[in-house]
Amino acid sequence: MLASVVGVAAVVLATSQPALAATSVNLPLSSWAYLDSQSPKTKFVNPAVAPPVGTLLDDANKAHTYRSYFTYDLTQLKGTVVHNSYLYTYEDTVTDCSTAATIELWRTSPVKTGTTWNNPPAELDKLISVNRGKGAYYCPGYLGIDMVSTLNAALARHEKSITIEYRITAAQEADPRAGRTFQQPTLSSTSNHPPTVTEPRLESPTRPCGTVDKPSPAAASTLFKATVNDPDEGDSPSILYAIWPVDHPDQRREFSSYNYGTDLNQYADGELLAWQAQARDYYDAGPWSKVCYLVMDKTAPANPPAVASKLYPEDATGGGTGLKGKFRLDASGDLDVVGFVWRDSSGYSGQVKARQPGGAAVLEYTPKRDWFEELTISSVDAVGNRGPERRYRFNVAETAPSVEIELGGVGLPSTLAFTARKPETTAFGYQIKGGPETRVPAVDGGATGQLTFTATGEVEVVVSSYVKNKLIGQDTLRVYVTDAPGVESAEFNFDTDQIAGKTGSFTFTPRNSDVVAYEYVLDDVTQTVQAAADDTAVVPWTATAGWHDMIVRSVRANGDKSSATSYQFNVIDPVPHLYSQTLEHLNRIDGVGLPVEFYVSSRLPEVTGFAYRFDGGPEVAIDGRGGSTEFTVTPTHIGDNTLIVQALLADGTRSPEKTFTWQPFEAPVVTTDPANGGAGGQPMTLTFRSVLPDTKEFRYSLDFSEYQTVTARPDGTATVSFTPQSGGGWFSARVTGVAQDGTTSPEREMTVPVRDTRVSVWSEFSDWSPRGGIGVPGDFSFSTSWTPEVVEYRYRLNDGPELTVPMGDSWNTVVTVVPDRNGLNMLTVQGRTEDGRLSPITEYPFQVGTAPYVFSAEYPQSTPGGGVGLEGRFEFSGGTAGITSFEYTIGGVPGTVEANAEGRASITWTPTEATGTYLVVKGRKADGSTTDEVWYFVVVKSD
């Protein structure tokens, strides 16, 4: 009956997944059931129907009131914290969407065997109460609820399942218009296992957690450790530690422990501390560990250890290269010492334990180098506190043999040549590290031996020196074994540059057994040569010019190829090298009548110069010692232009000829007047000269304007005028020649510099910082790009007279100006050309301070003058109006001098030593105010 009312719903249950960091799952639905008011003593478990809620009418128009219950399995969430959870479903059918209905979700007690309509599960927590039906945006619609707090509460109660009831609120539950069915709800969950810690301890050295009665000792820098446990794969938990004085828990602080230790210096020696560890991942912090205890030990051993060695006595030479020595380290009864730390001169270090507290230890140490060695050793207590350092110096006898290895390759014997460093050496030993040793007798301090390597790569070879059967020295050689063939040539090698045409040969030698051929690449051509009976091969070759990189591999009978040998050499080209940057421009700049610069070089020995012939003209000889030089030629016609160059050698001979032919650019040639480009706002002319016959006109564009035409003169030229509007840049000129028959030349595109006609002014005076004072001269530098047209500068200070200064020989012209007022001053400047044209006015504002002017003929500013015992006169003036006196300090001695009616004064000063000192002067006015200070550096001559 119910199926005909609410339909059939398909049920899909989510399965559990393996534990991952922040695992997301749909929790399994253990079962679901509904209760029916028309069957008050029955429950319906896992029926194949859409879960009903509220009152629904059956086919007989009888009212059934329903409540549905859903039980979800929580066992897979055991030990986790839920971070995201949602219980959601959709209404499947709604009887009347215009009727308001309040849907309630409850957490209830479990559905049991005796559960019926008359004995329903107890409603424990109302989770949500929502209105649906009338006024809802969608009907049927969606229903969802956040379950994070509900699930975490259930886990805190250690519940293995949770049951959720769907019902209509009691006041509407009997209304058949409010009845509906739902899809089976899904309960999603994203959860994480909070990580835990075990085995809290102290490290370096290792010490236990410690108890209050038996705390572990700890140094001022202590390494805290704990073992992290996290069931979630992919998590990277960290550990947080907490520490506090046992009698001051309010001073608890938290920290992270790093590999270099935690600073505990704030705690006193002997203080008892408690500590804990806690693991944290991205989502959760786990529980704190049990409380551990430590006691501060900040007292290091008082004395350095005693050190002795029979083989390597202190400050003496003993032992030998590669010989292990024993060093006795003794704490001399200091019971605080449990071990020793050491390091050598090369940075190697280690630690050894004492046999018992306060006792001795034996350090077995093999020196890492010959000659001088030093061990630095300290006593260590149980927490790692180190005592004073003991430096033990000794010399290592040079006893290992000197060995040269002539590498044979793989599967071929390699030869070891031994030389004794000790005359008493009677034998040498050698072996591949880890393999059997071979010994050869020493004859007159030397010997040879053979060793066959079986594979390529780095191999360690141990070589030893013996006196009879006593080892006196040992060394380990690192040998890189390769099967790449040997390549030699007397004529062509890296150290000798032959000249092209030279004949010679290359010899290939095997570094592998069973070689039948060699494959080589020379000048990008791959060739093969068969090996002779002795597995070698000789390849003849006639040299070609250039840098060569020969690649050679040997080939075995089974077809295997060896590693490659790269063999490089250079061959000199006897023909000179010729190059022209002028002809390399993307937009061509050459043409008939325009000079072309060439760079010529030769690597032939003893080059003294070069000789060239241009376009059938006479030979010209130029100096070229050093093998290179530059020269310029100017083409006079279109079409082929040919340059022939030879290097001249010291013995009177010449190199072969280098011939270079090019066709000058056939676009019109453009010249400007002025020749060095235009100037902003000044007219200039451009002359077009055609290099093609029968030119009737030129088509041109200036500064990207529309193209225009100008008629050509009979001589193939034309002139146009142009006035650039602004300076300090460039303008573009494009021009094409047009013949009588309408054919056109290539277009020449060029940029023409436009000079700025304005005058630039530079000075230490500026408009943002006052400087000097009235009467204090200042230098101003004038410069302009409008040269050589400008011949003089006209300038004026404020409203004073106009002054003139001729253009200087250098790029700038310096004038001295004496300000006549405090505050803002204005200097105006113009450039004047020889024909009377003036540049725009440049205004240069600057601020003038109130500092006085100081002058001395005997001791000029910052210039050595006078001498010890020679009196100097210093005159003070200016600065500002109304000066009544000057205050000064010279050589550290202060003074005051009254000013005359013109505001001037002077002092005399006689130096007593040849040195530099400052004269600091400021003026004082009648109202008591003072001027800016002037610092005048006085330099007294020493002779």
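Refer to the structure above for everything that follows.
Conventions we followed
- Residues numbered from 1 in each chain as written.
- Predicted model: local features only at pLDDT ≥ 70, side-chain atom pairs only at ≥ 80, totals over all residues.
- Heavy atoms only, no water.
- Helix = DSSP H or I, 4+ residues; strand = E, 2+ residues; numbered from the N terminus.
- Rg over C-alpha atoms; globule rule 2.2 N^0.38 Å.
- Buried < 20%, exposed > 50% of the residue type's maximum accessible area, 1.4 Å probe, protein only.
- Contact = heavy atoms within 4.5 Å.
- Areas by Shrake-Rupley, 256 points an atom, 1.4 Å probe, with all protein chains shown as cover.
- Lys, Arg positive; Asp, Glu negative; His and termini not counted.
- Charge placed at Lys NZ, Arg CZ, Asp CG, Glu CD.
- Core = buried A, V, L, I, M, F, W, Y, C linked by side-chain atoms within 4.5 Å.
- Pairing = 2+ DSSP bridges.
- Axes fitted to C-alpha atoms, helices over the stretch in contact; angles between N-to-C directions.
- Disulfide = S-S within 2.5 Å.
- Phe/Tyr/Trp six-rings, centres within 6.5 Å; stacked < 30°, edge-to-face > 60°.
- Lys NZ or Arg CZ within 6 Å of the ring centre and 35° of its normal.

A. Here's a closer look at the overall build of the protein chain. A count of helical and extended segments in the protein chain gives two helices and 73 strands. Relative to the globule expectation of 30 Å for 943 residues, the C-alpha radius of gyration of the protein chain, 51 Å, shows a markedly less compact shape. Taking all 943 residues of the protein chain together, the buried fraction comes to 45%. In the protein chain, once contacts between residues fewer than 6 apart in sequence are set aside, the share between residues at least 24 apart is 65%. Looking at the protein chain as shown, the accessible area adds up to about 47,100 Å², and 49% of this sits on carbon and sulfur atoms. If the 75 positive side-chain charges of the protein chain are averaged to one point and the 111 negative ones to another, these points end up 9 Å apart.

B. Quick peek at the nonpolar core. If you look at the biggest cluster of nonpolar residues, it comprises 31 residues, and the most contacted ones within it are Leu 87, Leu 105, Met 147, Leu 151, Ile 162, Tyr 166 and Leu 187. Top element by residues in this core is strand β10 (residues 161–168). It accounts for four residues. Excluding residues that lie within four positions of it along the chain, Tyr 166 makes contacts with Val 53, Arg 67, Ser 68, Phe 70, Leu 87, Thr 89, Glu 104, Leu 105, Leu 143 and Pro 185. Core analysis: the second largest hydrophobic core is formed by 20 residues, Tyr 859, Phe 874, Val 897 and Ala 905 among them.

C. Structural view of the sheet that holds strand β30 (residues 413–419). As summarised here, the arrangement of the three strands in space is β29-β30-β33, forming an open sheet in which the pairing is antiparallel. Two strands in the sheet have a free side with no partner beyond their single neighbour: β29 (402–406) and β33 (446–452). Looking at each pair of strands side by side, their axes are set apart by 25° on average, direction ignored. As paired strands, β29 and β30 are joined by five bridges and run antiparallel to one another. Bridge assignment links Glu 406 to a residue of β30, and that residue is Thr 415.

D. How the structure looks around the sheet that holds strand β58 (residues 748–755). With respect to topology, five strands assemble into an open sheet ordered β52-β58-β57-β54-β55, the strand pairing being mixed. The two strands at the open ends of the sheet, each matched to only one other strand, are β52 (678–679) and β55 (708–711). Pairing geometry for strand β54 (residues 695–702) and strand β57 (residues 729–739), over seven bridges, is antiparallel. When the sheet's bridge partners are listed, Thr 695 is paired in β57 with Ala 739.

E. Spatial organisation of the environment of Val 148. Position of Val 148 among the secondary structure elements: in helix α2 (residues 148–156). A relative accessible area of 17% places Val 148 in the buried class. Taking C-alpha positions, Val 148 is 87 Å from Leu 686, a pair spaced 538 residues apart along the chain. Setting aside chain neighbours within four positions, we find Val 148 in contact with Val 82, His 83, Asn 84 and Ser 85.

F. Local environment of the environment of Pro 485. Position of Pro 485 among the secondary structure elements: in the loop between β35 (470–481) and β36 (486–488). Taking relative accessible area as the criterion, Pro 485 reaches 1% and is therefore assigned buried. Between the alpha carbons of Pro 485 and Gly 626 there is a distance of 39 Å; along the sequence they are 141 residues apart. Not counting residues up to four positions away in its chain, the partners in contact with Pro 485 are Thr 509, Arg 511, Tyr 518, Val 552, Arg 553, Ser 554, Ser 562, Ser 563 and Thr 565.

G. Spatial organisation of the state of the cysteines. All told, the structure shown has two disulfides when counted by the stated rule. Two residues, Cys 209 and Cys 292, share a disulfide whose sulfurs are 2.0 Å apart. Between Cys 209 and Cys 292 the disulfide shows an S-S torsion of about -110°. By sign, it is left-handed. Of this pair, Cys 209 sits in the loop between β13 (196–203) and β14 (216–218) while Cys 292 sits in strand β20 (residues 292–296), and the two are 83 residues apart along the sequence. Owing to a relative accessible area of 10%, Cys 209 belongs among the buried residues under this scheme. Judged by relative accessible area, Cys 292 falls into the buried class, the value being 0%.

H. Quick peek at α2. Within α2, burial applies to Val 148, Thr 150, Leu 151, Ala 154 and Leu 155. Against the buried residues of α2 lie β6 (81–94), β7 (101–108), β8 (123–132), β9 (142–146), β10 and β12 (186–192). Looking one or two places after α2, you find His 158, whose phi comes out positive at around 60°.

I. Broad picture of the pairing of strand β28 (residues 386–396). Note that strand β22 (residues 317–318) and β28 share two bridges and pair parallel. Counterpart to Thr 317 in the pairing with β28 is Asn 395. Where strand β27 (residues 371–380) folds back onto β28 in an antiparallel hairpin, the turn is made up of five residues, including Gly 384, whose phi is positive at roughly 100°.

J. Representation of unusual backbone geometry within the structure. A cis amide bond links Cys 139 to the next residue, Pro 140, at an omega of -5°. By secondary structure assignment, the location of Pro 140 is in the loop between β8 and β9. A cis geometry characterises the amide bond from Asp 673 onward to Pro 674, with omega recorded as 10°. In this fold, Pro 674 is placed in the loop between β51 (669–673) and β52. Of note, the phi angle at Asp 315 is positive, near 55°, even though the residue is not glycine. Residue placement: Asp 315 occurs in the loop between β21 (306–308) and β22. One non-glycine residue, Ser 332, adopts positive backbone phi at about 55°.

K. Here's a closer look at the packing of aromatic side chains. Under the counting rule described, the total for this entry stands at 60 aromatic pairs. Taking 5.6 Å as the distance between ring centres and 80° as the angle between the ring planes, the aromatic pair formed by Tyr 34 and Tyr 66 counts as edge-to-face. Of this pair, Tyr 34 sits in strand β2 (residues 29–36) while Tyr 66 sits in strand β5 (residues 63–73), placing them 32 residues apart in sequence. Each member of the aromatic cluster is reached from another via a ring pair, and the members are Trp 32, Tyr 34, Phe 44, Tyr 66, Phe 70, Tyr 166 and Phe 182. The ring of Trp 117 is capped by Arg 67, whose NZ or CZ atom sits 4.6 Å from the centre of that ring. Across from the ring centre of Trp 288, 4.6 Å away, lies the NZ or CZ of Arg 252, which sits over that ring.

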